[in-house]
Amino acid sequence: MEGRPLDNDAQLIDNARGGDVDAFGQLVDRYQQVAVRVAHVICGADDASDVAQEAFVKAWQALPRFRPAAPFRPWLLSIVANEARNTR
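Residues numbered from 1 in each chain as written. Predicted model: local features only at pLDDT ≥ 70, side-chain atom pairs only at ≥ 80, totals over all residues. Heavy atoms only, no water.

Caption draft 1: Highlighting the packing of helix α3 (residues 45–62) against helix α4 (residues 72–87). Between α3 and α4, whose axes approach to 8 Å, the crossing angle comes to 130 degrees. When the interaxial angle is binned, α3 and α4 end up oblique. In the crossing of α3 with α4, the sense of the turn from one axis to the other is right-handed. Facing α3, whose interface residues are D47, V51, E54, A55, F56, K58, A59 and A62, α4 presents W75, L76, I79, V80, E83, A84 and T87. Class assignment for the residues of the contact of α3 with α4 results in 10 nonpolar, 1 polar and 4 charged. (Axes fitted to C-alpha atoms, helices over the stretch in contact; angles between N-to-C directions. Helix = DSSP H or I, 4+ residues; strand = E, 2+ residues; numbered from the N terminus. Parallel < 35°, antiparallel > 145°, perpendicular 65-115°, else oblique. Left-handed = near helix turned anticlockwise from the far one by under 90°. Contact = heavy atoms within 4.5 Å. Nonpolar A, V, L, I, M, F, W, Y, C, P; charged D, E, K, R; others polar.)

Caption draft 2: Quick peek at helix α1 (residues 9–17). For α1, the complete set of buried residues consists of D9, L12, I13 and A16. For α1, the angular spread of buried residues about the axis comes to 100 degrees, placing them on one side. On its buried face, α1 is in contact with α2 (21–43), α3 and α4. One side-chain oxygen of the residue at the start of α1 lies 2.7 Å from the amide nitrogen of A10, identifying that residue as N8. Looking one or two residues beyond α1, the residue adopting positive phi is G19, at roughly 100 degrees. (Buried < 20%, exposed > 50% of the residue type's maximum accessible area, 1.4 Å probe, protein only. Arc of directions from axis to C-beta. Polar contact = N/O pair within 3.5 Å; in protein donor to acceptor, adjacent residues only side chain to side chain.)

Structure, rendered in structure tokens:
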């Protein structure tokens, strides 16, 4: 199964919480574009990519506090929005 993308966010999150950096990388790949778009709307084009990257770092660090039954996308995008507001 190594190297094969998973379709299920919950499985990727579970694997990432166990330390699987590749699983988190798949989540980053999956949500990178929308994260940059949200950041762009809030803080502008110049900082959007950096804000999204910092939000993914913070999401990785906060994974132990993520509620497994919760949807990942809104949780991540709230981190992006907070980071973008802080940057703005």
